[in-house]
Amino acid sequence: MGTRKNQSTLTAAEKAAFVAAVKALKANGAYDIFVAQHRTAFLAGVNDPAHGGPAFLPWHREYLRRFERALQQIDPSVSIPYWDWTVDRTTNASIWNANFMGGNGTGPGGRVMTGPFAFSTGEWTLTVLDPGDTDNFLTRAFGAMGALPTQQGVNTAINIVPYDSAPWNRNSSMNTSFRNHLEGIIHNPGHMWVGGSMMAMSSPNDPVFWLHHCNIDRLWAVWQRENPGQNYRPPSGTAGVVNGHGLDDPMPPWNNEASPPTPRDVLDHHALGYTYDDEEEEPPQIVPLTVDAAPFAASIGQAGEVDAYSFVAPSQGNYVIETEGSTDVVAALYGPNDANALIIEDDDSGAGQNSRIARDLGPETYYVRIRHYSGSSTGSYRISVRGSGGPQPGIQTIEINGPALQGTLSANERDLYTFTVSTSGSYTIETAGSTDCFLTLFGPDSQTTVIAQDDDSGPGTNSRIVQNLGAGVYYAQVRHYSPTGTGAYSVSVRT
């Protein structure tokens, strides 16, 4: 299995091999076919199979893998490296050295004059151009169109669930669509910061395209690893979804092949034959915890490490899973009896930057995963599980199209409400008031299946979720955006 590495760790020989394979593809004409495929996707407009919809990530995963296999036909040792712009974010980073991607553009046209892909080498003439474009040389304009994504921005994206949400396009809420947030807030600025050729529909003309998208694919892999209970959305046949974006839709331009790839086919990148250098080689050891025992001392010893625990709830009741210490950790609860069925995730509901999850649980086995909020940080912490012996306080019922219910949040408090949908349709769940609320919708008929989350889509700092719901019982959880925040609010549901 090939390993995709951070470009900053490549040896001089590995860089030379990658560059040589790319230039060989350019020389035999295969490279420009890849450029044309990307441009054609954009030219499809609202029917674009590769951008602005759920298949953005699967399409590019398939696209990158086909490009990588083409490179490996020339040199089997080559894999696509990734550019981590949260770290290598300056104009003099090693990626822009003359022995790799070359430097910034110069002069009025922004022509790249250094490195193996400069027009002056005679080996990198652009032949697939956007309509109206006549420049046949590579151009760049570092930083002219904004800033590169930060680690904080990446962390925010990784914490967003579900994978995607209606209306399944660029208008999907950035708070309830991981795909749209990653595409619009994290991916787009990479193209814009490099500028020049990377801003075009034919952006793969700049070889840094592959390193940029390789990092986007890596971040999708991280999200999949950290949110195993969240699946690709939407299913094929969903109304209003562009052809190619449903789970089992054949993806253009490969849809006429004997066995065309679908989004489902590429969800597991390991099955496609590659891994990333920041992935764990073995599953984490699961450490058993005992309810009401003393806190267990542990640590995130390596960047990207995920610690795994299990515990058995001896009886029906409310249980609190909590971390302690000065390390900013994120806790995720899974179960019952399933280490991959996500119930809920929490970052800072505990004291300081600790995690705290309070949940009504049945007498089953549950699992907890702990990671650092920052994918590049380490630190020690303690974790415990306590049982209160009783259920959560009574859940208030919201009458659809009835009066709003009044609530007050204390520090670290999460209020839970329920409402029953008898007629399928569009429903709006909304908070009101001056308190900065964060809203999570669960269901149908489940307090653990997340449908949508929202922070500030309502007036001011209020939350608003607009969702098509079928018949069933739903649950709305309200918390303050800040773990230590307090305040009054109201919550309502209307058609």
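Because the structure is a prediction, the values reported are computed rather than measured. (Residues numbered from 1 in each chain as written. Predicted model: local features only at pLDDT ≥ 70, side-chain atom pairs only at ≥ 80, totals over all residues. Heavy atoms only, no water.)

**Focus on the packing of aromatic side chains**
For clarity, the threshold we go by: Note on ring pairs: Phe, Tyr and Trp rings are taken, using the six-membered ring of Trp, and paired if centres are within 6.5 Å. Classes follow the plane angle, with under 30 degrees stacked, over 60 edge-to-face and the rest tilted. By definition, any uninterrupted DSSP run of H or I lasting at least four residues is a helix, any uninterrupted run of E lasting at least two residues is a strand, and each is numbered from the N terminus. Under the scheme applied here, a residue whose accessible area is under 20% of the maximum for its type counts as buried, over 50% as exposed, and between as partly exposed, the area being computed with a 1.4 Å probe on protein chains only. Only Lys NZ and Arg CZ are tested; either one counts as a charge over a ring when it is within 6 Å of the ring centre and within 35 degrees of the ring normal.
Scanning the model with the defined rule gives 31 aromatic pairs in all. Their ring planes at 0° and their centres at 3.7 Å tell us that F67 and W210 sit as a pair that is stacked. You can see F67 sitting in helix α3 (residues 56-74) and its partner W210 sitting in helix α6 (residues 208-226), a full 143 residues away along the chain. Its relative accessible area of 0% is what places W210 among the buried residues. Residues F296 and Y309 carry aromatic rings whose centres are separated by 5.9 Å and whose planes lie at 75° to one another, so their mutual orientation is edge-to-face. Of this pair, F296 sits in strand β6 (residues 296-300) while Y309 sits in strand β7 (residues 306-312), and the two are 13 residues apart along the sequence. Taken together, Y31, F34, W59, Y63, F67, F117, W124, F209, W210 and W254 form an aromatic cluster joined through their ring pairs. The ring centre of Y334 lies 4.6 Å from the NZ or CZ of R369, which sits over that ring. Sitting above the plane of the F438 ring, R479 keeps its charged end 4.1 Å from the centroid.

**A word on the pattern of salt bridges**
Pairs may arise between side chains of opposite charge once their charged atoms sit close together. Which entries qualify depends on this criterion: Put simply, a salt bridge is a Lys or Arg side-chain nitrogen that is within 4 Å of an Asp or Glu carboxyl oxygen.
If you walk through the whole model with that rule in mind, you get 21 salt bridges. Its salt-bridge partner being K26, residue D32 comes within 2.9 Å of it at the nearest N-O pair. Here the salt bridges do not stand alone but share partners, grouping R4, R61, R65, E68 and D217 into one network.

**Observations concerning the sheet that holds strand β21 (residues 472-480)**
Note the threshold: Criterion used throughout: strands pair if DSSP finds at least two bridges between them.
Taken in spatial order, the five strands make up an open sheet running β14-β16-β21-β18-β19, and their pairing is mixed. Looking at strand neighbours, the two that pair on one side only are β14 (396-397) and β19 (450-454), the edges of this open sheet. As defined by bridge partners, strand β18 (residues 437-442) adjoins β21 across six bridges and the pair is classed as antiparallel. Of the residues in β21, the one forming a bridge with L439 is V478.

**Some points on α6**
Heads up, the rule is: One less than the residue count of a helix, multiplied by 1.5 Å, gives the span that helix is expected to have.
For α6, built from 19 residues, the straight-helix expectation of 27 Å at 1.5 Å per residue is met to within 8% by its first-to-last C-alpha distance of 27 Å. Across the 19 residues that make up α6, a large majority, 17, are buried.

**A look at the side chain of D346**
Our working definition: Contacts are assigned to residue pairs with any non-hydrogen atoms lying within 4.5 Å of each other.
Counting through the fold element by element, D346 comes out in strand β10 (residues 342-346). Taking relative accessible area as the criterion, D346 reaches 4% and is therefore assigned buried. Here D346 is in contact with V330, A331, N354, S355, R356, I357 and R414, once residues within four sequence places are set aside.

**Some points on the environment of D32**
When you line up the elements, D32 lands in helix α2 (residues 30-43). Overall, D32 belongs to the buried group, its relative accessible area being 14%. With eleven residues separating them along the chain, D32 and A21 place their C-alpha atoms 14 Å apart. D32 has contacts with K26, T127 and V128, leaving out every residue within four places of it along the chain.

**What to know about the domain arrangement of the protein**
We apply this condition: Domain start and end points were adopted from an automatic or database domain assignment. Values labelled buried area give the accessible surface lost by two parts on being combined, using a 1.4 Å probe and summing over both. In the analysis that follows, any N or O atom pair within 3.5 Å is treated as a polar contact, provided that within protein one partner can donate a hydrogen and the other can accept it, and provided that, for residues neighboring in sequence, both atoms belong to side chains.
Along its sequence, the protein is carved into domain 1 (3-276), domain 2 (287-387) and domain 3 (396-494). Between the C-alpha centres of domain 1 and domain 3 the distance comes to 37 Å. Across the contact, seven residues belong to domain 1 and eight residues belong to domain 3. With both chains or domains summed, domain 1 and domain 3 bury close to 560 Å², and 39% of this area falls on carbon and sulfur atoms. For the pair domain 1 and domain 3, the number of links is two residue pairs in polar contact (both at pLDDT 80 or more).

**What to know about the packing of helix α4 (residues 151-158) against α6**
In helix packing, the relevant descriptors are the interaxial angle and the interaxial distance, both defined with respect to the helix axes. The cut-off we apply is this: Helix axes are fitted only over the stretch in contact, all axes being lines through C-alpha atoms; the angle between N-to-C directions runs from 0 to 180 degrees. Put simply, angles under 35 degrees are roughly parallel, angles over 145 are roughly antiparallel, angles from 65 to 115 are roughly perpendicular, and the rest are oblique. Should the near helix be turned counterclockwise from the far one by less than a right angle, the crossing is left-handed, whereas a clockwise turn marks it as right-handed. Basically, the charged four are Asp, Glu, Lys and Arg, the nonpolar ten are Ala, Val, Leu, Ile, Met, Phe, Trp, Tyr, Cys and Pro, and anything else, Gly included, counts as polar.
Two elements in contact, α4 and α6, have axes separated by 10 Å at closest approach and are oriented at 45°. Taken together, the axes of α4 and α6 are oblique relative to one another. Considering how the two elements wind past one another, α4 and α6 form a crossing that is right-handed. Contacts between α4 and α6 pair V154, A157 and I158 from the former with L219, V222, W223 and E226 from the latter. Of the residues that constitute the contact of α4 with α6, the class distribution is six nonpolar, no polar and one charged.

**Some points on helix α5 (residues 178-194)**
Quick note on the threshold: The quantity called bend is, for any residue, the angle between two axes fitted respectively to the seven residues ending at it and the seven beginning at it.
Its 17 residues place the ends of α5 24 Å apart at the C-alpha level, agreeing with the 24 Å of an ideal helix rising 1.5 Å per residue. Along its length, α5 reaches its greatest deviation from straightness, about 35°, at H187, and the proline P189 lies no more than four positions downstream. Of all 17 residues in α5, 13 are buried, a share of seventy percent or more. Following α5 by one or two positions, G195 adopts a phi angle in the positive range, close to 70°.

**Concerning the nonpolar core**
Note the following rule: Here the nonpolar core consists of buried residues drawn from Ala, Val, Leu, Ile, Met, Phe, Trp, Tyr and Cys, with membership extended through side-chain atoms lying within 4.5 Å.
By size, the foremost hydrophobic cluster in this structure holds 74 residues, and its most contacted members are W83, W96 and W210. The element best represented in this core is α6, accounting for ten residues. For this core, the domains that each give at least three residues are domain 1 (3-276) and domain 3 (396-494). Discounting residues that sit within four places of it in the chain, W210 has contacts with Y31, F34, Y63, L64, F67, I80, P81 and P204.

**Description of the packing of helix α1 (residues 12-28) against α2**
Following both chains from N to C, one finds α1 and α2 inclined at 85°, their axes separated by 4 Å at the closest point. Judged by the angle between their axes, α1 and α2 are roughly perpendicular. On the side of α1, the interface is formed by V22, L25, K26 and N28, while α2 contributes A30, Y31 and D32. Taken together, the residues of the contact of α1 with α2 sort by class into four nonpolar, one polar and two charged.

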